[in-house]
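Understanding the architecture of this molecule
If you want the building blocks of each chain, they are given just below.
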Amino acid sequence: MELTPQEYQQLVQKHVKPSPLGKDMLWAFVVGGGICVLGQGILDFWKAAGLNEKDAATATSITLIGLSALLTGLHLYEKLAKYAGAGTLVPITGFSNSVASPALEFKSEGFVLGTAAKMFTIAGPVIVYGISASIVYGIILVILGAL
Amino acid sequence: MIGKRMGIGTIKFDRPPRVRAWAAVGGKKEKEGPLGAEFDKVFTDTMCGESTWEKAEMHLQKVAAGMAANKCKIPISALDMMVAGDLLAQCVASSYAARGSQVPYLGVYGACSTMAESLGIAACMIDGGFAQRVCAVASSHFCTAERQYRFPLAYGGQRTPTAQWTATAAGACILTAAADDYAPVRITHVCFGKICDLGITDANNMGAAMAPAAYDTLRTLLSDTGTHPEDYDGIFTGDLGKVGSRLLCAMFEQDGMSIADRHEDCGKLLFDDKQDVHAGGSGCGCAASVLCAHLLPRLADGTWQRIILAATGALMSPTSVQQGESIPGICHAIVLESGKKR
Amino acid sequence: MQYIYAFITGGIICALSQILIDKTKLTPARILTSYVVLGVILAAIGVYKPLVDWAGAGATVPLLGFGYTLAEGVKTAVSDSGLLGALTGGAKAAAGGISAAVFFGLLTALLFKPADKS
């Protein structure tokens, strides 16, 4: 029997069990929402500590990033992420995990070429395109302002 | 055909090389699996007391080869040749494991099909008279494979249902010449496979990428030897996992052949469903350790007379996947017979 | 009430991303990258600010909020220093987060050991 790639693709589709979307979404909703609630609590804490709106927001990000790096080091973040999926990926804690995990993993290749050089293998694109997008937006604002 | 070949692509040995001794070592998860008790040695510390995962895999392979040689009471240095492979780039686990052995060394790469590839080459060497005693060995380690092919271990990623779990394990066989009456298992045929690629690009669904290769090689072997699935006590594919196994059976069914009652998969045997390995085990160490822990002992004691080991491999690299290439599959099949007959 | 809004908004953003993970072949890095860029765009067209006012951390903690921070930073910097601000504003606003990720990442590597998964 000769199968074409198209026919085979159809056969594969028939035999692959899809991800349990409903369950995954529920997990992502609860854990993602939970992390945001935690963020809200930290934000209120920094505000109560006397920081202004903007500084409190920055301090909240830093606190969450620190917490997530700690959980990554303790190998707890990956255990939660197995269930939470997008719930742990999309919050800023997921960004921190994607920086801390290669830093930890590749230290066997040294602190310079391992930890430091590999640190942004996953998170690098986020910064590259995030900052580039903000610059494009800035330039548009400048042009609109000059008109 | 000419010489030792029969049919389109099967090698038939005039003087079937023998498998004299074997050993399987595994990690913690393998120990907790259904075959846990059948391993010769298991490491609950998957770092194996070493400082890096790569060194740990090297250690696994060294221990497996050492134990196999020990069982037939020969030192490693008395081997004529070592044929070894693993999943790492440049095959480093094997090369470093063989360092200091003073034995001629061939490093082979067949991804998860490596054990069948090394066994096949070793058997050819012996039947051809180029060697008397050859060690065939293969290993894989979950951690080295993860960091090379996927994400750092501490990265919070989700595995898809089709993903497979790389086994932390190694298996080694010592092959000897046909005249060795002490050896309990014989290798009668080898069918080296062709690359089959039906356009699967999802690196998380390697079972689907490899199933066409398994189908192609098994079809070739069965038609070249004029045998049927019923002639074997078992057809063991390397590590197609659940998805690949279903696809393989479906492809045979389209030909009006049923292999479902003869077919088993090393990736499905090594772990059970409770271990959260999704579609099953994979890695060179999967087929290698299942062969040495589970299959060979049953041939040796005569429970089974004849089986096929059809180890499958997905021959992509992280670079080729990133460049959008589809995944080439391979499958090498070995026919193993109990030596007690005749 | 603020906590409930944060929970619902953050939860919905994550649950929608889960659809992308399960139903498309997008890798996590691609999803995160598109989220940051999307955050910049949503902030630029003025959609995201009202959401932040309503949901608080529910809108700022997901990576969309990182894009929002970048865009807001650029906006302020451009009105202060023109074209130069277009280049400095985003990075300046994100400096805290990026520096923290780098430093805490390094600390993690220093203090902890890689471990096997089971």
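Predicted model, so just to flag it, every value in this text is computed and none were measured.

Conventions and cut-offs
Within each chain, residue numbers correspond to sequence positions counted from 1 in written order. Lettering for chains starts from A, numbering for ligands starts from 1, and both go in the order in which the items are written. Under the rules for a predicted model, residues below a pLDDT of 70 receive no local features and side-chain atom pairs below 80 are neither given nor counted, while totals for whole chains, interfaces and linings still include all residues. Side-chain numbers here rest on the full set of heavy atoms in the structure, without hydrogens or water. Any pair of residues with heavy atoms lying within 4.5 Å of one another is described as a contacting pair. Accessible-area loss on putting two parts together, using a 1.4 Å probe and summing over both, is the definition of buried area adopted here. Put simply, a salt bridge is a Lys or Arg side-chain nitrogen that is within 4 Å of an Asp or Glu carboxyl oxygen. A pocket here means an open set of points on a 1 Å grid, computed over the protein atoms alone, that has protein on both sides within 12 Å along at least five of seven lines. A cavity is instead a set of points where a 1.4 Å probe fits but cannot get out; residues with an atom within 4 Å of a point line either one. Grid points are joined across faces, edges and corners, and a volume is the space filled by probe spheres set on the points. Put simply, DSSP H or I for four residues or longer makes a helix, DSSP E for two residues or longer makes a strand, and each gets a number counted from the N terminus. Amino acids are sorted into nonpolar (Ala, Val, Leu, Ile, Met, Phe, Trp, Tyr, Cys and Pro), charged (Asp, Glu, Lys and Arg) and polar (every other residue, Gly among them). In this analysis, the expected span of each helix is defined as 1.5 Å times one less than the number of residues it contains. Working definition: with a 1.4 Å probe on protein chains only, accessible area under 20% of the residue-type maximum means buried, over 50% means exposed, and in between means partly exposed.

1. Quick word on the interface of chain A and chain C
If you look at the interface, chain A gives 64 residues, while chain C gives 63 residues. Both faces considered, chain A and chain C share a buried interface measuring about 5,300 Å² in area, 81% of it formed by carbon and sulfur atoms. Considering only the side of chain A, the residues that lose the most area to chain C are Phe29, Val90 and Tyr137 of chain A, jointly responsible for 12% of the buried surface there. Where chain A packs against chain C, one counts 0 salt bridges.

2. Topic: the layout of surface pockets
Taken as a whole, the second largest pocket encloses approximately 970 Å³ of empty space. Around the second largest pocket, the lining comprises 39 residues; the ones closest to its centre are Glu53, Lys54 and Ala57 of chain A together with Tyr68 and Thr69 of chain C. At the level of secondary structure, the elements contributing two or more residues to the lining of the second largest pocket comprise helix 2 (21–48) and helix 3 (53–73) of chain A together with helix 3 (48–55), helix 4 (57–60), helix 5 (63–81) and helix 6 (83–111) of chain C. Here the lining of the second largest pocket gets 10 residues from one element, more than from any other, and that element is helix 5 of chain C. When the residues that make up the lining of the second largest pocket are grouped by side-chain class, the tally is 13 nonpolar, 16 polar and 10 charged.

3. Quick look at helix 6 (residues 92–105) of chain A
The terminal C-alpha atoms of helix 6 of chain A lie 20 Å apart, and with 14 residues this matches the ideal 20 Å at 1.5 Å per residue to within 8%. Taken across its 14 residues, helix 6 of chain A has 14 buried, putting it largely inside the fold.

4. Remarks on helix 8 (residues 124–146) of chain A
A rise of 1.5 Å per residue sets the reference length of helix 8 of chain A, with its 23 residues, at 33 Å; its end C-alpha atoms lie 33 Å apart and thus fit the reference within 8%. Of all the residues in helix 8 of chain A, the buried ones are Gly124, Val126, Ile127, Gly130, Ile131, Ala133, Ser134, Ile135, Tyr137 and Gly138 of chain A. Elements in contact with the buried residues of helix 8 of chain A: helix 6 of chain A together with helix 2 (28–44), helix 5 and helix 6 of chain C.

5. A word on the pattern of salt bridges
Counted according to the given criterion, the structure contains 21 salt bridges over all chains. Across the salt bridge formed by Lys25 of chain C and Asp202 of chain B, the nearest N and O atoms sit 3.7 Å from each other. On the criterion of chain membership, the pair formed by Lys25 of chain C in the loop between helix 1 (2–23) and helix 2 and Asp202 of chain B in the loop between strand 10 (185–191) and helix 6 (206–225) is interchain, its members lying in two chains. On the basis of relative accessible area, Lys25 of chain C is assigned to the exposed category, the value being 67%. Among the salt bridges present, the one from Asp255 of chain B reaches Arg219 of chain B, with a minimum N-O distance of 2.5 Å. Here Asp255 of chain B, found in the loop between helix 7 (241–254) and strand 12 (263–265), pairs with Arg219 of chain B, found in helix 6; they are 36 residues apart in sequence, far enough to count as distant. Taken together, the salt bridges that share partners define one network made up of Glu105 and Glu109 of chain A together with Glu54 and Arg147 of chain B.

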